[in-house]
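Given next are the chains, with one letter for each unit.
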Amino acid sequence: MEEIVLRLNELLFPSIADVAVLSVDVSIAIVRVDVESTASGAACQAFGIWSNRVHGSYLRFPADVPSAGLSVVLQLRVRRFTCGNSGCTRRTFAEQIPGLTRRHGQRTERLRATLAAVGLALAGRAGARLTRSGSVSAGAPFCAWSTPFPACGRR
């Protein structure tokens, strides 16, 4: 079983360390990948102090690059840590996985990079049309005119 998990990690997240793929569920229109961080802790964004004191956790559902014409969504278990600095105004903070997530992000970093590349190559509306039509594997359902993102048509 551990060998299968290692192969899924290598296949789905080859350049991202400290990530474990727990399961992959495929339905007619969507692929849900259950993922969690395996890092021992995280650094507070305010002070940079390392903490391994887990305060709690929650689920995030960032969109990832489509696969075989299906939308891919991660079910990511994110831990909240308690900051070790008594003067920290935030007290708790959520871990971020380098190369995968960013604060308040609704897309993975590789989906953001793909959409940015389409937006830069095709400029605005042409890129938005191409991503909505599904011709490019860039997450068509996640692109909307109201999104302040270059590939989604906003100038």
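Going by the structure above, here's the rest.
The model shown is predicted, which means the values in this text are computed figures rather than measured ones.

A. Summary view of the overall build of the protein chain. Regarding its fold elements, the protein chain presents 3 helices and 8 strands. Each helix and strand of the protein chain, ordered N terminal to C terminal, gives the series α-β-β-β-β-β-β-β-β-α-α. Across the 155 residues that make up the protein chain, the buried fraction comes to 39%. The long-range share in the protein chain, meaning contacts at least 24 apart out of those at least 6 apart in sequence, stands at 50%. A total of about 9000 Å² of accessible surface is found on the protein chain, and carbon and sulfur atoms cover 55% of it.

B. Representation of the side chain of Thr-92. In this structure, Thr-92 sits in strand S8 (residues 92-94). At a separation of 2.8 Å, a polar atom in the side chain of Thr-92 contacts the side chain of Arg-80. Ignoring any residue separated from it by four or fewer positions in sequence, one finds Thr-92 in contact with His-55, Arg-80, Phe-81 and Thr-82.

C. Molecular detail of the pattern of salt bridges. The final tally for this structure, using the stated rule, is 4 salt bridges. Close ionic contact of Arg-79 with Glu-95 constitutes a salt bridge, the shortest N to O distance being 3.0 Å. Here Arg-79, found in strand S7 (residues 70-82), pairs with Glu-95, found in the loop between S8 and helix H2 (109-122); they are 16 residues apart in sequence, far enough to count as distant. The same class applies to Arg-79 and to Glu-95, which are both buried. Glu-109 is paired through a salt bridge with Arg-102; the nearest N and O atoms lie 2.9 Å apart. Overall, the relative accessible area of 22% leaves Glu-109 in the partly exposed class.

D. Highlighting the nonpolar core. Core analysis: the biggest nonpolar cluster contains 14 residues, and Val-19, Val-33, Val-35, Ile-97 and Leu-100 have the highest contact counts within it. Among the secondary structure elements, those contributing two or more residues to this core are strand S1 (19-26), strand S2 (30-37) and S7. Looking at this core, the element that brings in the most residues is S7, giving 5 residues. One finds Ala-42, Cys-44, Cys-83 and Phe-93 within the second-largest nonpolar core, a separate group that totals 6 residues.

E. How the structure looks around the environment of Ala-20. In this fold, Ala-20 is placed in strand S1. Sequence separation between Ala-20 and Thr-38 is 18 residues, and the spatial gap between their C-alpha atoms is 6.4 Å.

Procedures and definitions
- Residues numbered from 1 in each chain as written.
- Predicted model: local features only at pLDDT ≥ 70, side-chain atom pairs only at ≥ 80, totals over all residues.
- Heavy atoms only, no water.
- Helix = DSSP H or I, 4+ residues; strand = E, 2+ residues; numbered from the N terminus.
- Buried < 20%, exposed > 50% of the residue type's maximum accessible area, 1.4 Å probe, protein only.
- Contact = heavy atoms within 4.5 Å.
- Areas by Shrake-Rupley, 256 points an atom, 1.4 Å probe, with all protein chains shown as cover.
- Polar contact = N/O pair within 3.5 Å; in protein donor to acceptor, adjacent residues only side chain to side chain.
- Salt bridge = Lys/Arg side-chain N within 4 Å of Asp/Glu carboxyl O.
- Core = buried A, V, L, I, M, F, W, Y, C linked by side-chain atoms within 4.5 Å.

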